[in-house]
Amino acid sequence: MTTFSQRLQSLHSRDQERVAVILQHSGQPDLPISYRQLLRGANAYTRAYARAGIKSGEVVVLILQHGEDLINSFWGAILHGAIPSIMPFLTEKLAPERYRADLAALISVTKPTAIVTYPEFESEVRGALQEGDSVRAVILTNKLEAQSDPDFDSLLGMERSSEDIVLLQHSSGTTGLQKGVALSHQAVFNQLDAYSRALNLDDSDVIVSWLPLYHDMGLIAGFLMPILSGIPLVLSSPFDWVRAPYKLMQSVSQYKGTLSWLPNFAFNFCAQKIRDRNLEGVDLSSWRAVTNCSEPVRFESHQAFYERFKSHGLKWEALQCSYAMAENVFGVTQSDLTRPPKVEEIDREAFMAERVARPPMKGRPAMKMMSSGKPLSNTRVRILDEHGKDVAEKKIGEVALQSDCMLTGYYHRDDATKKAFLDGWYLTGDYGYVSDGEVFVSGRKKDMIIVGGKNVYPQDLESLTYEVQGVHAGRSVAFGLFDEEAGTEDVVIIAEVNSEDAAEQERIANTIRQHVTKNSAIALRYVKVVGPKWILKTSSGKTARSANKEKFLKELEEENK
Amino acid sequence: MSDNQTYNEFISKIETYIASRILKQSKRKIRADEPLISSGLIDSFSLVDLALFIEDTFGVRIDDTELNAQTFDTLDQLANLIQSRQSK
């Protein structure tokens, strides 16, 4: 039984000069941070929380970009016994009003007592506060005392019990109320123990990550696991990576990185957008696992990645898969690192019509399914039919899980919690099957779109279109369209308007594109504005997303003829 | 070719690229002063593509630290940037 603060203390006393994090910023030299420096930086925040009267067990929301302040304010909260929760920072494509509304909603649900942000962003944060809400302090990054060594004996964080909540993770979503998952120290350590075992993690490992810390993959695999295990972490930001994907390869080469995690689209992105000149002298042979996670995993994406980087020492068996979610802290499964993930060819029609994964009959269309591996040693997986009964091996059903690190409920969201459980099993909302003990994930129960690792609910996007003048409620449809080249889904929106005038339709299309992006931070690939009676409805008057998708694809094909 | 002609050519080539390859609406017109990045028209995932296209088409490099709305946000700004770098 241990807590984060106790673990930090022991890492610090073991070797305080050991490097915990190598922080990278585009255009700046890399910044190595030792455990001693990490704790000193964190302690400056611990004292700021104390000065602001923040108590142990209270939630603090961190609204910061990639950088030292984010790291220090996080660990400072831990040392203070407070519960950190990282909120994505405002990006230039999101409208500030929408951001403020999301923040206000987050505050009303999670009831934080402090928010940490930059002085430049203070007014934005204050704009989301309301008379009588839970927030007592807005702590600014420029108002800290000098860094100093923590006195472990007086830290409130040392008094926490392993069953106490240590942090809140937000299950990713588009707009509106995000569901927070409260995790105890013990739950996180249970996950880390099981996941580290699946990886055979040891002292010679080096983790390289650019993933955001407000997402489970970044927070757990790309932040907590290395720091709490005494394993060096090379950390850059998604903002920098998306503009210079080659830096991931250069970092792995320079620091002899052994482990990384990437969403599926990133395999395609790296394979397509890196120039040879940026790979000169790059050696990727140290990479023992690049784990594909948080989007549907595609064999073709692994192939493209391998073809691009094999001449730089990338090993085929380094490309691995995991099925993970914030509700289980992180990993549910991990493929076996000693061999490439299993790939099964299955009959497409049987998969669609009979919901079963069986080998294709001769000459019949087949599809490739890649395994996400076996459940972690602490996690059990079942596949259930619509009545909650177990289905046979290779039959497709909803994935349900149970573990010693699963959520106990969504934070202050009893409504959402109730819907998510069945007799003590967490219902993931994902479809999949089990074959020879390995989990194959095949889709989503709901019409959710996963674009670039981010979950997007079509209803949210459709609601936003109704705010555009000329579009009436119930007369738009949003869906995802798998983009082979990108390895992820493209977002399509079709909106019906009264006007048949092409110029007017185009004007509305432009407005929709802008309005939806500004309010969801989701870029739209296709926006199609159509005349009356285009959109297909079900007999009960609901919009049939799949039928409209088919119609859209047919028209697209016609146009491109 | 006069400066004006080159400028117009830059604009039209980039416009065609953005409309057909990034927005996938080949008939879409883009005004020279229309915000591209700050408006969300071009998302961050497409910025590298745009930089690679410009490098291949005009022989001008845009550094990854310059892929933001502060450096260029419109076709006009982009065409001027290319022109100033080509003449160096």
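Residues numbered from 1 in each chain as written. Chains lettered and ligands numbered in written order. Predicted model: local features only at pLDDT ≥ 70, side-chain atom pairs only at ≥ 80, totals over all residues.

> What's the story with the overall build of chain A in this structure? I'm lost.
Tallying secondary structure elements over chain A gives 16 helices and 27 strands in all. For 561 residues, the compact-globule estimate of 2.2 N^0.38 gives 24 Å, and the C-alpha radius of gyration of chain A, at 24 Å, lies within 12% of that figure. In terms of its C-alpha atoms, chain A occupies a principal-axis envelope of roughly 70 × 55 × 55 Å. Looking at chain A residue by residue over its 561 residues, the buried ones come to 49%. Sequence-distant contacts, at least 24 apart, represent 69% of the contacts inside chain A between residues at least 6 apart. (Helix = DSSP H or I, 4+ residues; strand = E, 2+ residues; numbered from the N terminus. Rg over C-alpha atoms; globule rule 2.2 N^0.38 Å. Buried ≥ 20, exposed ≤ 12 C-beta atoms within 10 Å, placed from the backbone. Contact = placed C-beta atoms within 7 Å.)

> For this particular structure, what's the right way to read the interface of chain B and chain A?
Listed by partner, the interface residues are 17 residues for chain B and 17 residues for chain A. In terms of residue class, the side of chain B that touches chain A is built from 8 nonpolar, 5 polar and 4 charged. (Nonpolar A, V, L, I, M, F, W, Y, C, P; charged D, E, K, R; others polar.)

> Could you clarify how one ought to interpret the sheet that holds strand β27 (residues 526-530) of chain A in this entry?
What links the strands of a sheet is backbone hydrogen bonding, and the strands pair in either a parallel or an antiparallel sense. All names here are of chain A. Read across the open sheet, the 3 strands follow the order β25-β26-β27; overall the sheet is mixed. The strands lining the two open edges of the sheet, one partner per strand, are β25 (476-483) and β27. Sheet twist, expressed as the mean angle between neighbouring strand axes with direction ignored, is 20 degrees. As judged from the 5 bridges shared by strand β26 (residues 488-496) and β27, these two strands associate in the parallel manner. By the bridge assignment for β27, E496 is matched with V530. (Pairing = 2+ DSSP bridges. Axes fitted to C-alpha atoms, helices over the stretch in contact; angles between N-to-C directions.)

> How should the domain arrangement of chain A be read in this particular structure?
Reports often express the size of an interface as the amount of accessible area lost when the parts come together. Residues and elements named next belong to chain A. Segmenting chain A into domains produces domain 1 (4-318), domain 2 (324-345 + 371-444) and domain 3 (449-559). One C-alpha centre belongs to domain 1, the other to domain 2, and the line joining them spans 25 Å. Facing the 33 residues of domain 1 at the interface are 27 residues of domain 2. Of all the secondary structure elements, the ones that give two or more residues to the side of domain 1 that touches domain 2 are α4 (96-110), β7 (165-171), β8 (179-184), α6 (185-199) and α7 (216-229). No other element matches α6, which puts 9 residues into the side of domain 1 that touches domain 2. The residue inventory of the side of domain 1 that touches domain 2, partitioned by class, reads 20 nonpolar, 8 polar and 5 charged. (Domains from an automatic or database assignment.)

> When you look at the packing of helix α1 (residues 3-22) of chain B against helix α3 (residues 75-86) of chain B in this model, what are you seeing that I'm missing?
The relative placement of two packed helices comes down to the angle between their axes together with the axis-to-axis distance. Residues and elements named next belong to chain B. In the contact formed by α1 and α3, the axes pass within 9 Å of each other and the chain directions differ by 125 degrees. In terms of orientation, α1 lies oblique with respect to α3. Note that α1 runs across α3; the crossing there is right-handed. Between α1 and α3, the residues in contact are T6, Y7, F10, I11, I14 and E15 and L75, L78, A79, I82 and Q83, respectively. (Parallel < 35°, antiparallel > 145°, perpendicular 65-115°, else oblique. Left-handed = near helix turned anticlockwise from the far one by under 90°.)

> Honestly, the confidence of the model for chain B in this entry has me stumped. Any pointers?
Of the residues in chain B, 97% have a pLDDT of 70 or more, and the chain-wide mean is 89. Scored as a whole, the predicted complex attains pTM 0.91, and scored at its interfaces, ipTM 0.90. (pLDDT = per-residue confidence, 0-100.)

> Is there a simple way to think about helix α1 (residues 4-14) of chain A in this case?
Every α-helical turn comprises 3.6 residues, leaving residues that sit three or four positions apart pointing alike. All names here are of chain A. Regarding α1, the residues found buried are F4, S5, L8 and Q9. The buried residues of α1 all sit within an arc of 135 degrees when viewed along its axis, so they share a single face. Exposed residues lying more than 90 degrees from the buried face of α1 are S10, S13 and R14. (Arc of directions from axis to C-beta.)

> What's the story with the packing of helix α2 (residues 35-51) of chain A against helix α3 (residues 68-80) of chain A in this structure? I'm lost.
Residue and element names in this part refer to chain A. Here α2 crosses α3 at 65 degrees, and the two axes come no closer than 7 Å. α3 is crossed by α2, and the crossing has right-handed handedness. On α3, the residues that touch L38, G41, A42, N43, A44, Y45, T46, Y49 and A50 of α2 are E68, N72, S73, W75, G76, A77, L79 and H80. Across the contact of α2 with α3, the residue classes tally to 9 nonpolar, 7 polar and 1 charged.

> Please explain the pairing of strand β5 (residues 114-117) of chain A as it appears in this structure.
Consecutive side chains along a regular strand alternate between the two faces of the sheet. All names here are of chain A. The alternating pattern of β5 places A114 and V116 on one face and I115 and T117 on the opposite face, and all of these are buried. Relative to β5, strand β3 (residues 59-62) is paired through 3 bridges, and the arrangement is parallel. Opposite V61, over in β5, you have I115 as the bridge partner. Of the pairings in the sheet, the one linking β5 to strand β6 (residues 137-140) comprises 4 bridges and is parallel in character. Bridge pairing links T117 to L140 in β6.

> Could you clarify how one ought to interpret the nonpolar core in this entry?
Nonpolar side chains in soluble globular proteins tend to be buried together. With 163 residues, the main nonpolar core has V60, L62, V491 and I493 of chain A as its most contacted residues. Setting aside anything within four residues of it in sequence, one finds I493 of chain A in contact with L461, T465, S476, A478, I512, V516, L524 and V527 of chain A. (Core = buried A, V, L, I, M, F, W, Y, C linked by C-beta atoms within 7 Å.)

> Is there a simple way to think about unusual backbone geometry in this case?
Trans peptide bonds make up the majority, and among non-glycine residues the majority have a negative phi. All names here are of chain A. In the Ramachandran plot, D423 falls in the positive-phi region, its phi being about 45 degrees despite a non-glycine side chain. Position of D423 among the secondary structure elements: in the loop between β20 (421-422) and β21 (425-435). Within the chain, A521 stands out as a residue other than glycine whose phi angle is a positive 60 degrees. Structurally, A521 can be placed in the loop between α15 (502-520) and β27.

> Can you help me understand the environment of A271 of chain A in this one?
Within the secondary structure layout, A271 of chain A lies in helix α10 (residues 264-273). Counting along the chain gives 132 residues from A271 of chain A to I139 of chain A, while the straight-line C-alpha distance between them is 42 Å.

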